[in-house]
Amino acid sequence: MFNFRKYSFWFCFPSLLIIAGIALYPVLHSFLLSFFKFNLHENVIRFNGLGNYKDLLIDTRTREAFYHTFLFTISSVSIELVLGLLLALFLQRKFIGRGLTRAFSLVPWAVPTVVAALLWRWIFNDRFGLLNELLFRFEFIDTPVAFLSSSWLARLSVIIAEVWKTTPFIALLLLAGLEMIPQELYESGKIDGANAWQRFSNITLPLLKPVILISLLFRTMDALRIFDTVYVLTGGGPGNATETLSLYTYKTMFSHLQIGLGSTLAVLTFLTVTFVSAIYLLILKRSAN
Amino acid sequence: MICRNKLLNNMFFILLIFIVSCSKKDPSKVTITWAVGKDATGAQNKLVDAFLAQNRNINVRVIEMPGSASSQRDSYVTYLAAKDPFIDVYSIDIIWPAEFAASGWILELDKLFSAKEQDKFLPGPIEGCKYKGKIYAVPWFTDAGMLYYRKDLLEKAKLAPPETWTELIKQAGMCQRKYKINGFVFQAQQYEGLVCNFLEYLWSYGGEVLDSNNKPQLNTPPAKQALKTLYDIIHTYKITPEGVLTYQEEESRQVFTSGQAAFLRNWPYAWALGQDETVSKVTGLIGIAPLPGKTKGQGASCLGGWNLAISRFSKHPKEAWKFVEFMTSPEVQMIYAVKGGRLPTRKSIYQDKDILDFAPHYRDFYKVFVNARPRPRTPLYSQISDILQIELHKALTNQQSIDDALENSNRKINTLLKISQQSFEK
């Protein structure tokens, strides 16, 4: 008899090797480099123990980068969830031109992030920007506002650009979830006298919960690595008020060529993402039981 | 069996010879590789063709790099840190020679590029290509900050272009009140351009980032006056658009060429766009002047521009030098100026009658270029610039005082230099 157990490992081995090569090796290598002082200029590697970690954790810039990253993640993901759910509920209804609307609502997600960010950069511009023009026309303001030049407005602008860009993604996932809920449940709910809100909170939400959790997981992991939007929109400004972890990592690694310190930052980001994902997965597992 | 083996063997040999002969078409010909940024005009390729026609025994492979300077540096560093001999000639930004030289990535050129020859070039770019008194690259084309002004508005008010910051503030304020446009636009987003702008104020007040002993000089009176002037232009006199703190080159250029500002600080590229009727409402109304100073004649421009350097790992440094020499020769610079719009680094070209007939504005450009200065020449420039970008922008966006910004910059740069000293002093 052919022993599948025995051979299955060897059949999977080549693909495991490839995965290890492109996923595991860089992560492990970054971990290793994070314990070294390594600057591409000198091309000499010196062991530094936990020195890089210590330097970064006492550095206010790292703390601020963490703060901005979490601020953007929490606010953009929660707004996206609410808007995405509303959009999904709307797109599920039957109306003329639904297919077209569904297709169009995906446009922001299909635009490359850098292009979208450039677009928003011009929308927020004080002289030629669309937003100023609108606010001006409806007489909310009488002098132009430079959205990207004050800390909180700039942070808000980043969040708006992020929400615009990725709400369709959440809506798409939730729409798929909505389509999977059997219509009979709503019919029997109606017969039992449940109103629209009761049907939503007792049927839709509980049955949609796994999909919501999964889309939150995807988006949170993604949002914690936010780079392009900030890089193009503000470059980390004004006065570094929007610099995120990945932007700081990029500057350290590629602009300052401090590979060791940059790896340490990358590892910190990696650990943060892993930790947050683990929490999500735990909740998912609980809710599945 | 033996027979078949022999046949196989023979075939193998024939194949081997074939491969070898294919890869080495002409053994006397040397191929050098040139890494250079994208050129939309196509002039670069014509220059390479001219070089090939003159040098039959050299072949040139052109590797086109991304347009943005920072991504170009990313790929250069990857090659150089790995000691890769693939690229022989690098085109490098004026802020990289110190970094590349200190890392031992590019060849010192003093024996090939004599002091006498260096004298024929603009002084700023030459200084920018030097590190610790030795020269590491040849200036190829140049770039510097200059003042664009609305000739029509100044003529109506019977004013000469401003020579001091005070004059600029006065004239810009007058235009702003009278014509309901902005007085002055420049680049003050948190990015490299902000540092360029700040340095021009700093130098004009007689200040410096690093002194000759490599000590930061930002907590000095000139630095305070410089930052105060920049701050006042934005917040006290309010002669800028609200968004100047979010502007890079293009945003500021558009405000000016759409006729909404009286003065603009920008690089030479804005000249051509200002004369282009499809994008500019002020064609024919633009004048160029050197940047103002604290007092008359003290203005200084921040230098940009590109230079050619030879890789330390090149296997054909002789041929590479031949190529660099050719590309920076007077004839080629002249062609590149006319066909590619790149500004020459040799002084003589700005006196050339044909060139001045073709581009009369070169006369004004020259006045700017002779006073242009390179940014601090240190291998740690990118880190110093990063510190300045953050601290200066914090002061300009009212997140900290001018004194704190300069005090913090000075302290951070000092720490950085102390930590990194050993590594570069080996």
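One structure accompanies this document, and this report is about it.

**Looking at the overall build of chain A**
In step 1: Within chain A one finds 13 helices and 2 strands.
In step 2: For the C-alpha atoms alone, the extent of chain A along its principal axes is close to 85 × 75 × 30 Å.
In step 3: Per-residue burial over chain A gives 44% buried out of 289 residues.
In step 4: Within chain A, residue pairs in contact and separated by at least 24 positions form 66% of the contacts whose partners lie at least 6 positions apart.

**Re the overall build of chain B**
In step 1: Looking only at helices and strands, chain B has 18 helices and 12 strands in total.
In step 2: Projected onto its principal axes, the C-alpha positions of chain B cover 100 × 50 × 45 Å.
In step 3: The contacts in chain B between residues at least 6 apart in sequence include a share of 73% that link residues at least 24 apart.
In step 4: Just so you have it, chain B exposes about 19,100 Å², and 54% of that area is on carbon and sulfur atoms.
In step 5: In chain B, 53 positive and 43 negative side-chain charges are present, and the distance between their average locations comes to 3 Å.

**As for the packing of helix α2 (residues 43–54) of chain B against helix α14 (residues 330–340) of chain B**
Residue and element names in this part refer to chain B.
In step 1: Direction vectors running N to C along α2 and α14 enclose 150 degrees, while the axes themselves pass 10 Å from each other. It follows that α2 is roughly antiparallel to α14 by the angle criterion. Viewed along their axes, α2 and α14 form a crossing whose handedness is right-handed. Residues A43, Q44 and L47 of α2 form the contact with α14, whose own contacting residues are V332, I335, Y336, K339 and G340.
In step 2: Looking at the contact of α2 with α14 residue by residue, the classes come out as 5 nonpolar, 2 polar and 1 charged.

**What about the packing of aromatic side chains?**
In step 1: If you walk through the whole model with that rule in mind, you get 41 aromatic pairs over all chains.
In step 2: Taken together, a centroid distance of 5.2 Å and an interplanar angle of 20 degrees make the contact between W140(B) and Y336(B) stacked. Separated by 196 residues along the polypeptide, W140(B) in strand β6 (residues 138–144) and Y336(B) in helix α14 bring together distant segments of the chain.
In step 3: Judged by relative accessible area, W140(B) falls into the buried class, the value being 3%.
In step 4: An aromatic cluster of three or more residues is present, and its members are W34(B), F51(B), W140(B), F141(B), F323(B), F326(B) and Y336(B).
In step 5: When the ring centre of W152(A) is taken as reference, the NZ or CZ atom of R155(A) above it lies at 4.5 Å.
In step 6: Of note, R265(B) hangs over the ring of W267(B), and the distance from its end group to the ring centre comes to 4.5 Å.

About the cut-offs
- Residues numbered from 1 in each chain as written.
- Chains lettered and ligands numbered in written order.
- Predicted model: local features only at pLDDT ≥ 70, side-chain atom pairs only at ≥ 80, totals over all residues.
- Heavy atoms only, no water.
- Helix = DSSP H or I, 4+ residues; strand = E, 2+ residues; numbered from the N terminus.
- Buried < 20%, exposed > 50% of the residue type's maximum accessible area, 1.4 Å probe, protein only.
- Contact = heavy atoms within 4.5 Å.
- Areas by Shrake-Rupley, 256 points an atom, 1.4 Å probe, with all protein chains shown as cover.
- Lys, Arg positive; Asp, Glu negative; His and termini not counted.
- Charge placed at Lys NZ, Arg CZ, Asp CG, Glu CD.
- Axes fitted to C-alpha atoms, helices over the stretch in contact; angles between N-to-C directions.
- Parallel < 35°, antiparallel > 145°, perpendicular 65-115°, else oblique.
- Left-handed = near helix turned anticlockwise from the far one by under 90°.
- Nonpolar A, V, L, I, M, F, W, Y, C, P; charged D, E, K, R; others polar.
- Phe/Tyr/Trp six-rings, centres within 6.5 Å; stacked < 30°, edge-to-face > 60°.
- Lys NZ or Arg CZ within 6 Å of the ring centre and 35° of its normal.

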